Amino acid sequence: MLSKFIRSNPKNPVLLTVPHSGDYYPDIFIKNLKLNLNKVRKIEDFHSDKILNFMNLNNADIIIAKCSRVVVDLNRSRNAIDEDMFIDKVSNCQIDEKKMISFGLGVFPKIIFSENIFNNKLPASYAQSILESYYDPFHKALLNQIDDLLNRFGICYHFDLHTMPSNALRSFKKKPDIVLGNNYGKSSSGELINYMRKNFENHGLIVELNNPYAGGFITRNYGNPSKGTETIQIEINRSLYMNEEKLFINDLKPLQEIFKKTFENFNFCKKLAAE
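Calculation rules
- Residues numbered from 1 in each chain as written.
- Predicted model: local features only at pLDDT ≥ 70, side-chain atom pairs only at ≥ 80, totals over all residues.
- Heavy atoms only, no water.
- Salt bridge = Lys/Arg side-chain N within 4 Å of Asp/Glu carboxyl O.
- Helix = DSSP H or I, 4+ residues; strand = E, 2+ residues; numbered from the N terminus.
- Buried < 20%, exposed > 50% of the residue type's maximum accessible area, 1.4 Å probe, protein only.
- Phe/Tyr/Trp six-rings, centres within 6.5 Å; stacked < 30°, edge-to-face > 60°.
- Core = buried A, V, L, I, M, F, W, Y, C linked by side-chain atoms within 4.5 Å.
- Contact = heavy atoms within 4.5 Å.
- Polar contact = N/O pair within 3.5 Å; in protein donor to acceptor, adjacent residues only side chain to side chain.
- Expected span 1.5 Å × (residues − 1).
- Arc of directions from axis to C-beta.
- Pairing = 2+ DSSP bridges.
- Axes fitted to C-alpha atoms, helices over the stretch in contact; angles between N-to-C directions.

*Asks:* So what exactly am I meant to see when it comes to the pattern of salt bridges here?
*Replies:* Opposite charge on two side chains permits them to pair, given that their charged atoms come into close proximity. Tallying each qualifying case throughout the model produces 14 salt bridges. Measuring nitrogen to oxygen at the nearest pair gives 2.1 Å for the salt bridge that ties E115 to K39. Placement of the pair is E115 in strand β5 (residues 115-116) and K39 in helix α2 (residues 37-40), with a sequence separation of 76 residues. For K39, a relative accessible area of 31% gives the class partly exposed. What emerges from the salt-bridge pattern is a single network uniting D45, R69, D73, R76 and R238.

Quick look at the structure:
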């Protein structure tokens, strides 16, 4: 359940991932769903993959997940499991991201808009099936591609694309259009995140760094500049391109043009980072 656009002879070490745009809901999920499907769909990064539609596929490798984040959240640890959701014990590993689990937002989301997603507790076989079918293939593909770019170039510039609800930005006097997260400087160099900030600002967008989103599991897990991988989470204000309440796109073209030009003209390199 992935769309992969992998270059056979990449000209640069750029990789884009889109983990939350998927709108596929397997039958096993629908069978156990308590809420209306249209309600749970409101936490999708609605059609965010289409923001990349104008990009020249020679300019980056791209991995897009098709399964919905409501089914399995790829931006969580595989061990961020709320065992209370299941009839039987799912994992013998130490539970990760306990704070997110307490919000009902583990690798298997439990609560949306203060309501339980599922009718009843689920069998452990449900968790294993979902992880093996949708979670593992994405992370395997991501790790393989990072390793490939590291082997070719000695470095990988990885951008993890997301969208954010505009109501999550209410505390800002001027709501940001873009939030760039690098785990407070741990997942990328300051030079790279500032390069991307200036790029978006040059297109007239308001940019915040690490506030209110500093990057999720993908950013924290894969971003490791000391080993050559620089990962930045890109969050886009949904109000820029869609009606968030009724779930329809207003106008994607301006963002599509910005991302096309961003990676068409991407010229950040290790030499630049060292200056």
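Still more ground to cover, so stick around.
*Asks:* Is there a simple way to explain the packing of aromatic side chains in this structure?
*Replies:* Where two aromatic rings form a pair, the distance of their centres and the angle of their planes describe that pair. Enumeration over the complete set of coordinates arrives at 15 aromatic pairs. Chaining the aromatic ring pairs together yields one cluster made of Y157, F159, Y195, F200, F259, F263, F266 and F268.

*Asks:* Help me understand the nonpolar core in this model?
*Replies:* Looking at soluble globular proteins, one finds that nonpolar side chains tend to be buried together. Within the largest apolar cluster, 40 residues are counted, with the highest numbers of intra-cluster contacts made by F29, V70, V72, F86, F108 and Y126. Listing elements by their share of this core, those giving two or more residues are β3 (61-65), α4 (124-153) and α6 (217-222). It is α4 that contributes the most residues to this core, twelve residues altogether. Beyond its immediate chain neighbours, meaning those up to four positions away, V70 contacts Y25, F29, V40, I43, P109, I112 and I117. Listed in part, the 36 residues of the second largest apolar core include I51, F159, Y195 and F266.

*Asks:* Just checking my understanding: could you explain unusual backbone geometry for this structure?
*Replies:* A negative phi angle characterises most non-glycine residues, just as the trans form characterises most peptide bonds. Note the cis peptide between N211 and P212, where omega equals 5°. Mapping P212 onto the fold places it in the loop between β8 (207-209) and α6. Its identity is not glycine, yet E97 carries a phi of approximately 50°, on the positive side. Take E97: it is sitting in the loop between β3 and α3 (98-102). One non-glycine residue, N210, lies in the positive phi region at around 60°. Mapped onto the secondary structure, N210 falls in the loop between β8 and α6.

*Asks:* Mind showing me how you'd approach the side chain of S166 here?
*Replies:* Tracing the backbone shows S166 in the loop between β6 (156-164) and β7 (178-181). The class of S166 is buried, set by a relative accessible area of 14%. Within polar-contact distance, the side chain of S166 engages the side chain of E244 at 2.6 Å. Ignoring sequence-local partners within four residues, the contact set of S166 consists of K175, N237, S239 and E244.

*Asks:* Sorry, what's going on with helix α7 (residues 253-264) here?
*Replies:* Each α-helix winds once per 3.6 residues, and so residues spaced three or four apart point in a common direction. Taking 1.5 Å per residue as the helical rise, α7 with its twelve residues ought to reach 16 Å, and the 16 Å between its terminal C-alpha atoms agrees with that figure. Buried residues of α7: L255, Q256, I258, F259, T262 and F263, and no others. Viewed along the axis of α7, the buried residues span an arc of 160°, placing them on a single side of the element. In this fold, the buried residues of α7 make contact with β2 (14-18), β6, α5 (190-202) and β9 (229-237).

*Asks:* Mind showing me how you'd approach the sheet that holds strand β1 (residues 2-5) here?
*Replies:* Pairing between the strands of a sheet is mediated by backbone hydrogen bonds and can be parallel or antiparallel. What the seven strands build is an open sheet, ordered β1-β3-β2-β6-β9-β7-β8; its pairing is mixed. Strands at the two margins of the open sheet, each flanked by one partner only, are β1 and β8. The average undirected angle you get between the axes of adjacent strands in this sheet is 20°. Here three bridges tie β7 to β8, and the two strands are oriented parallel to one another. Pairing of I178 across the sheet is with V207, part of β8. Against the sheet, α7 contacts β2, β6 and β9, and its axis sits at roughly 160° relative to β9.

*Asks:* Is there a simple way to explain the pairing of β2 in this structure?
*Replies:* Side chains on a regular strand alternate between the two faces of the sheet. Taken across its five residues, β2 has five buried, putting it largely inside the fold. Here β2 shows a buried face lined by V14, L16 and V18 and a second buried face lined by L15 and T17. By the bridge criterion, four bridges tie β2 to β6 in an arrangement that is parallel. For L16, the partnering residue across the bridge sits in β6 and is F159. Two strands pair when backbone bridges link them, and β2 and β3 are joined in this way by four bridges, in the parallel orientation. When the sheet's bridge partners are listed, L16 is paired in β3 with I62.

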